[in-house]
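Listed below are the residues making up each chain.
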Amino acid sequence: MPSPGRTLVALAMCLSPAVLTGQGTALAPHVAWWPRLPLQGSLVRLVVPPPAGDSVTAVSGELAGEPLHFERFADGFQALGAVPFAARDSAAARVVVERAGVADDTLLATIPVARRRVPRERLHVAPQFAQPPESLAERIRIEQEMVQEVRRRAHETPRLWQAPFVRPSAGAVTSVFGVARVFNEVLRSRHWGVDFAGQRGSPVRAANRGVVAFVADLYYSGTTVLIDHGAGVVTGYFHLSRVLVVPGDTVDAGQLIGRVGSSGRVTKAHLHWFAAYGGITVDPLDLVRPNGPTRFTSHPSP
């Protein structure tokens, strides 16, 4: 079995390097990322291998305007980040590397972003389902602000997961992330999540360890659970018929948290699974891809 050190070296060789600015020297550290060409609305892992002498004391930064939470691992510093769905062809990262007895290094990187090609769903519905009435605008605004606050606070929570993420449902995927929703020939929205088929009452499980941050009945998503996994990561479980957790509960990967339903603005029972890195909504399936961005390459240093 290859050692963690060899694993990181192999990873770094296939990662894309950033450009060093400011206090660059021959021994300056560098930052790399994987995947090398992420799709719009994807998670990205960033790595700062130790430079010669390993004098790095801390690493911080941001990607696409969201904070990066670097942790020191046996083989360097690693963090999870995300590129927005709205990114045209790149996303900007800025990483600050603090070194003992040496001026900080600032690394600027332009991460290339590939277009996510998704289908369009054309739906013909009654007018009240295409556009909510004006009388509900204030309710919808308040609900959106509550969800955004949960997403923002996830940056204040340390990373709570160690084990790999798991799918929240055994059902087949029926609609993927980013699909354009065309209601009555007008593009109204995109599908910011993944749908799983399921009968009413089918189990819904937590994707990983985290704290239940929000439980409410919302206009669009119906009975909703949001889990704060820390380090900026939030997952959501929408349209439930029943909730088996309360805010403040700590849940583990695979724990039963609710039941499939058809609450909110839907016409049949299913699970809508949502994921975000802070303010950036991402493809939830990135969380469960083998060797994906959430699978860090080694164990944290003590």
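Report follows, based on the coordinates. (Residues numbered from 1 in each chain as written. Predicted model: local features only at pLDDT ≥ 70, side-chain atom pairs only at ≥ 80, totals over all residues. Heavy atoms only, no water.)

## Some remarks on the pattern of salt bridges
Between side chains of opposite charge, a pair can form as their charged atoms come close.
Logical step 1: Considering all chains together, one arrives at 12 salt bridges under this definition.
Logical step 2: Aspartate 283 is the partner of arginine 116 in a salt bridge, and the nearest nitrogen-oxygen pair spans 3.3 Å. One end of the pair, arginine 116, is in the loop between strand 10 (102-112) and strand 11 (120-123); the other, aspartate 283, is in the segment after strand 23 (280-282), and 167 residues separate them in sequence.
Logical step 3: A relative accessible area of 11% places arginine 116 in the buried class.
Logical step 4: Look at aspartate 283 and you get buried, because its relative accessible area is 4%.
Logical step 5: A salt bridge links glutamate 138 to arginine 141; the nearest nitrogen and oxygen atoms lie 2.5 Å apart. (Salt bridge = Lys/Arg side-chain N within 4 Å of Asp/Glu carboxyl O. Helix = DSSP H or I, 4+ residues; strand = E, 2+ residues; numbered from the N terminus. Buried < 20%, exposed > 50% of the residue type's maximum accessible area, 1.4 Å probe, protein only.)

## A short note on the packing of aromatic side chains
Logical step 1: Under the defined criterion, the tally for this structure stands at 7 aromatic pairs.
Logical step 2: For the ring pair tryptophan 161 and phenylalanine 165, a centre distance of 5.3 Å and an interplane angle of 65° mean the geometry is edge-to-face.
Logical step 3: The buried category is assigned to tryptophan 161, whose relative accessible area is 1%.
Logical step 4: Considering the side-chain rings of phenylalanine 177 and tryptophan 192, the 5.7 Å spacing of their centres and the 55° angle between planes classify their relative orientation as tilted. Of this pair, phenylalanine 177 sits in the loop between strand 12 (173-175) and strand 13 (180-183) while tryptophan 192 sits in the loop between strand 14 (186-190) and strand 15 (194-197), and the two are 15 residues apart along the sequence.
Logical step 5: On the basis of relative accessible area, tryptophan 192 is assigned to the partly exposed category, the value being 33%.
Logical step 6: By the ring-pair criterion, three or more aromatic residues cluster together here, those being Phe85, Phe177 and Trp192.
Logical step 7: Over the aromatic face of tryptophan 161 sits the side chain of arginine 159, whose NZ or CZ is 5.4 Å from the ring centroid. (Phe/Tyr/Trp six-rings, centres within 6.5 Å; stacked < 30°, edge-to-face > 60°. Lys NZ or Arg CZ within 6 Å of the ring centre and 35° of its normal.)

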